[in-house]
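# Observations on the three-dimensional arrangement
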Amino acid sequence: MRIAVIGGGPAGLYFAILHKAANPDADITVYERNRPSDTFGFGVVFSDETLQNFETHDAESYRLITNSFAYWDDVEVNFKGEIFRIGGNGFCGCSRKTLLELLNYRASQLGIAIKNGTELSIEDILRLSDECDLVVASDGINSIVRQHFVEHFKPSTDMRPNHFSWMGSTRPLDAFSFFFEKNEDGLFIAHAYQYEPGASTWVMETDPETFERAGLAAMSEEESARYLERVFQKALDGHPLLVNRSMWRNFPMIRNERWTHGNIVLLGDAKATAHFSIGSGTKLAMEDAIALEGALKKTADVTAALAAFETGRREEVEKTQHSADVSLVWFERLDRYWTMDPVQFAFGLMTRAKAITYDNLELRAPEFVEKVAEHFAQGVKAAGFDVDTAHPVPPMFQPFKLRDMVLDNRVVVSPMDTYSGVDGVAQDFHLVHYGARAMGGAGLIYTEMVCVTPEGRITEGCTGLYTDEQEAAWARVVDFIRQHSEAKVCIQLGHSGRKGATKLMWEGMDQPLETGAWETMAPSPLPYYPHSAKPREMTRADMDRVRDAFVSATERCVRLGADMIELHCAHGYLLATFLSPLTNRRTDEYGGSMENRLRFPLEVFDAMRAVWPAQKPMSIRVSATDWAEGGITGDDTVAIAKAFVAHGVDLVDVSTGQTVPDAKPIFGRMFQTPFAEQVRAEAGIATLAVGAITSADQVNTILAAGRADLVALARPHLVNPHFTMLAAAEYGVETVACPPQYLAGRDQAFRNAPRARQELKDLKLKARPRHRYQADRKRIAAE
């Protein structure tokens, strides 16, 4: 097999090494534009997991790398004069120059031809494509191969707003260190780690406003370094900053719809980039090489191998990029966290990318998590609760208050449509469904969307609150919850709008009824799907009737004893379609500007609030993004939240999407939580986080980091009504209410859970590989 590798960085060299080691007869040539003496950058970083991967796939290069790295176990956070060290992370740093020298040495050992100082044109590369079985385009961020086939690869480049510069220092470091400083120009971040004795990498980062005020664009590399030495004077401890092509840049987040073209495959930064804040750029590149070689081992058919590489590798790459996206946004929004207590700030930093969580940190750094829990409890006590701050329970079990409604804990059963009503009337199913989850210990139970008119139903199975029979049925549910639990009840009120008259979810979600449909209405006559019924454009008289229906339903909620109500303004239902410019094309005072699009939803809210008791809270549910071009964004949602705050809302329930069918949501665990955090921080209102939250660990992480005040779980409660009670047993918390009929079961759970939790901790500790790498390093050094 004849292979041309374009680019002698870590991705291309490591692939060449792996393939040649497995196939000694392979004819591999690496073409690199730079000379061996050219050195750019300072250090690179790998995790324990990455090192383990290297060892598995080429023990010799692993041996060379581990003999040359600086190893550390701690992350150190320096913020406002306080220092937090969190152990159990397991990283190694290595000089980029040394890494490339080692990979070049290993490649030469195997007989791979390396042509340094060779600048190939696209014509040269196309010729190689004709002559070779495979061309690996690992030619970096500015890939000429990707650019030439731009219509095929369909790359997208998201240039992030923050500016960064890669510098070095002689300052020794024994941890991966974050330094945060503020001067008269603004906020600065240093991501720093040692990669060899007397040498450390310092990635300097700042926001565009600070960059401009400081005049960094006009400075030379040396001038920038001297300026930053003054900013980080304490952190550098008398050591200088070093430069080596340390230009200020914006990070390009690169993605490609396709990775292969004929016998050409993109690898490394040419294919996908990951922000330096999670230290995964070189890792991503070298693991690309491992995956490509793995695909080629399985078949001699290059086309089939490349297809298998792209299919098998894409999910992992996209996960890494998503983590990097979430991480980089945390640093871009640093001003949002600057006023935080240092303990909460450090916790938020550690958990920003979602890979590290409350339980995970408790395993690594129990003393630090104790401080986090104590800080959270102190905030609860400051809010007027008599809680133990010396030995606090985890955040999810701390109480919370909205107006006069007090919740025993911060776990919420998320609103979930069950489509099990008959003529809008809640059935025995609803009594059992909501009653079971209330007895399971959650602090707040949300109902499904209860529709305010027959025409406002989504499906024929939706419940309503527009008749006395419906009111009596819901009163029966609320009375049962009140009698058998300490949970509070929130009734969510809504109108389906253009998404009404559709099939039951399990028969075809949002698909129009084939028979028995009713007329729908919306702010604009736009059907949801092309084959959906066209809704009637609402008149002012229609608005009056809808507003009055919401008021009538609210009055029924008062009579049946609900603790809280929520106005549904999300998911493409009626009020959401007023808010989104994708669904509101009106030219009157209810369309166009944000102020106009808010007008009718605020009118409905005001009318409901006027008849809802002043001592009882009221929330809204919003779609914080439409996940579609031209739709609602997170910044828009902050403006929407602020408008409702001015009208007396107490809580914003932050969901996303479902406004238009061609939306492109980015799913992942806790994927909507960043929007809840943004609304909470920027609109100054309590928020409810919801969406792919599945564990008590995630609940505690969200709360402790200040990303939301309450956390709703949907699917976990479907299969485990006693989610909260079992979590209490796991954490050893005895304050969650339990019906006397279930006490024996709860007590058994309390006896079993701590032992199981400890066994899990022990297994995790045994699984951590870092100690072995430290031992390997000592052994290799001795050899």
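I will try to describe carefully the structure that is included in this document. Only a predicted model underlies this, so the values are computations on that prediction, with no experimental measurement involved.

Counting its regular elements, the protein contains 29 helices and 29 strands. Expressed along its principal axes, the backbone C-alpha trace of the protein runs to roughly 85 × 60 × 55 Å. Relative to all contacts within the protein whose residues are 6 or more apart in sequence, the contacts with residues 24 or more apart total 71%. Only carbon and sulfur atoms are counted for the fraction: they give 50% of the accessible area of the protein, which is about 30900 Å². Averaging the coordinates of the 83 positive side-chain charges in the protein and doing the same for the 105 negative ones gives two points 2 Å apart.

The subject of this paragraph is the pattern of salt bridges. In the structure shown here, the tally under the stated rule is 46 salt bridges. Glutamate 229 is the partner of arginine 226 in a salt bridge, and the nearest nitrogen-oxygen pair spans 2.7 Å. Note that arginine 226 and glutamate 229 are positioned in helix H9 (residues 221-231) at a spacing of three residues, about one turn of the helix. In this structure, lysine 271 engages aspartate 288 in a salt bridge whose closest nitrogen and oxygen atoms are separated by 3.0 Å. Here lysine 271 is found in the loop between strand E17 (264-266) and helix H11 (281-298), whereas its partner aspartate 288 is found in helix H11, with 17 residues between them in sequence. Neither lysine 271 nor aspartate 288 differs from the other in exposure class; each is buried.

With that out of the way, let us pick up the sheet that holds strand E21 (residues 444-451). The strands making up a sheet associate through hydrogen bonds between their backbones, and the pairing can be parallel or antiparallel. As summarised here, the arrangement of the eight strands in space is E20-E21-E22-E25-E26-E27-E28-E29, forming a closed barrel in which the pairing is parallel. Strand after strand, the sheet turns through a mean of 30° between neighbouring axes, direction not considered. The strands that helix H17 (residues 428-439) touches are strand E20 (411-413) and E21; relative to E21, the one it contacts most, it runs at about 155°. Together, strand E27 (651-655) and strand E28 (687-689) form the strand contacts of helix H24 (residues 673-683), whose direction differs from that of E28 by roughly 170°.

The strand order E8-E2-E1-E9-E17-E16 describes an open sheet built from six strands, whose pairing is mixed. The sheet is open, and its two edges are formed by strand E8 (113-116) and strand E16 (260-261), each paired on a single side. Lying on the sheet, helix H12 (residues 302-332) is in contact with strand E9 (134-137), E16 and E17; it crosses E17 at an angle near 15°.

With that settled, the discussion passes to the packing of helix H2 (residues 48-57) against H11. Orientation of H2 relative to H11, taken along the N-to-C sense of each, is 30°, at an axis distance of 11 Å. By the criterion of interaxial angle, the relationship of H2 to H11 is roughly parallel. The interaxial crossing formed by H2 with H11 has left-handed handedness. Of the residues in H11, those in contact with Thr50, Asn53, Phe54 and His57 of H2 are Lys283, Met286, Glu287 and Ile290. Taken together, the residues of the contact of H2 with H11 sort by class into three nonpolar, three polar and two charged.

Looking at where serine 524 falls in the secondary structure, it is placed in the loop between strand E23 (521-522) and strand E24 (536-537). Among the residues examined, serine 524 registers a relative accessible area of 2% and is labelled buried. Side-chain polar atoms of serine 524 contact the backbone nitrogen of arginine 585, separated by 2.7 Å. Not counting residues up to four positions away in its chain, the partners in contact with serine 524 are Pro535, Glu537, Thr583, Asn584, Arg585 and Arg586.

A full pass over the atoms with the stated rule returns zero disulfides. Between cysteine 94, a free cysteine, and cysteine 92, which holds the nearest cysteine sulfur, the sulfur-to-sulfur gap is 6.8 Å. Counting only cysteine sulfurs, cysteine 462 is the nearest neighbor of cysteine 451, a cysteine outside any disulfide, at a range of 4.6 Å.

Let's shift gears to the packing of aromatic side chains. Following the criterion strictly, the structure yields 36 aromatic pairs and no others. Ring geometry for phenylalanine 188 and tyrosine 227: centres 5.8 Å apart, planes at 55°, overall tilted. Placement of the pair is phenylalanine 188 in strand E12 (residues 186-196) and tyrosine 227 in helix H9, with a sequence separation of 39 residues. Residues phenylalanine 188 and tyrosine 227 agree in their burial class; the two are buried. By the ring-pair criterion, three or more aromatic residues cluster together here, those being Trp72, Phe79, Phe176, Phe178, Phe180, Tyr193, Trp330, Phe331, Tyr337, Trp338 and Phe345.

Summarising burial for strand E26 (residues 618-623): six of the six residues are buried, a large majority. In this sheet, E26 lies alongside strand E25 (residues 564-569) in parallel orientation, the contact comprising five bridges. Considered in E26, the bridge of leucine 567 is made with isoleucine 620. For E26 and E27, the ladder comprises five bridges, and the chain directions are parallel. Within E27, the residue paired with isoleucine 620 across the bridge is valine 652. Crossover E26 to E27 through helix H23 (residues 634-646) is right-handed.

Here H12 contains 31 residues, and its C-alpha end-to-end distance of 42 Å stays within 8% of the 45 Å for a straight helix at 1.5 Å per residue. At arginine 313, H12 is deflected by roughly 40°, the largest bend along its length. By the N-cap criterion, in which a side-chain oxygen at the helix start approaches the backbone nitrogen of a residue two or three places on, H12 is capped by aspartate 301, the distance to threonine 303 being 3.0 Å.

Turning next to the environment of threonine 273. Mapped onto the secondary structure, threonine 273 falls in the loop between E17 and H11. For the pair formed by threonine 273 and phenylalanine 251, sequence separation is 22 residues and the distance between their alpha carbons is 9.1 Å. The residues contacting threonine 273, other than those within four sequence positions of it, are Ile141, Phe251, Pro252, Met253, Ile254, Leu284 and Gln321. Looking at threonine 273, its side chain comes within polar contact range of the main-chain nitrogen of isoleucine 254, at 2.8 Å.

A word on a nonpolar patch on the surface. Taken together, the side chains of Met505, Trp506 and Met509 define a hydrophobic patch exposed on the protein surface, amounting to about 330 Å² of accessible area. Within the fold, tryptophan 506 resides in helix H19 (residues 505-508). The exposure class of tryptophan 506 is exposed, given its relative accessible area of 54%.

Topologically, glutamine 470 is positioned in helix H18 (residues 468-484). You can call glutamine 470 buried: its relative accessible area is 0%. Placed 361 residues apart in sequence, glutamine 470 and glutamine 109 show a C-alpha to C-alpha distance of 80 Å.

For aspartate 237, which is not glycine, the phi dihedral falls at a positive 55°. Looking at where aspartate 237 falls in the secondary structure, it is placed in the loop between helix H10 (233-236) and strand E14 (241-242). Given the relative accessible area of 56%, aspartate 237 is considered exposed. The phi dihedral of arginine 245 is positive, around 55°, even though this residue is not glycine. Of note, arginine 245 is situated in the loop between E14 and strand E15 (249-256). Judged by its relative accessible area of 45%, arginine 245 is partly exposed.

The next thing to look at is the environment of aspartate 423. Relative to the assigned elements, aspartate 423 resides in the loop between E20 and H17. Taking the C-alpha atoms as reference points, aspartate 423 and glycine 461, 38 residues apart in sequence, are found 7.4 Å from one another. Those residues within four positions of aspartate 423 in sequence are excluded, and the remaining contacts are Tyr466 and Gln470.

What counts as what
Residues numbered from 1 in each chain as written. Predicted model: local features only at pLDDT ≥ 70, side-chain atom pairs only at ≥ 80, totals over all residues. Heavy atoms only, no water. Helix = DSSP H or I, 4+ residues; strand = E, 2+ residues; numbered from the N terminus. Contact = heavy atoms within 4.5 Å. Areas by Shrake-Rupley, 256 points an atom, 1.4 Å probe, with all protein chains shown as cover. Lys, Arg positive; Asp, Glu negative; His and termini not counted. Charge placed at Lys NZ, Arg CZ, Asp CG, Glu CD. Salt bridge = Lys/Arg side-chain N within 4 Å of Asp/Glu carboxyl O. Buried < 20%, exposed > 50% of the residue type's maximum accessible area, 1.4 Å probe, protein only. Pairing = 2+ DSSP bridges. Axes fitted to C-alpha atoms, helices over the stretch in contact; angles between N-to-C directions. Parallel < 35°, antiparallel > 145°, perpendicular 65-115°, else oblique. Left-handed = near helix turned anticlockwise from the far one by under 90°. Nonpolar A, V, L, I, M, F, W, Y, C, P; charged D, E, K, R; others polar. Polar contact = N/O pair within 3.5 Å; in protein donor to acceptor, adjacent residues only side chain to side chain. Disulfide = S-S within 2.5 Å. Phe/Tyr/Trp six-rings, centres within 6.5 Å; stacked < 30°, edge-to-face > 60°. Right-handed = clockwise from strand over helix to strand, strands pointing away. Expected span 1.5 Å × (residues − 1). Bend = angle between axes of the 7 residues up to and from the residue. Patch = residues over 30% accessible without salt bridge, like charges linked within 9 Å, V, L, I, M, F, W, Y side chains within 5 Å.

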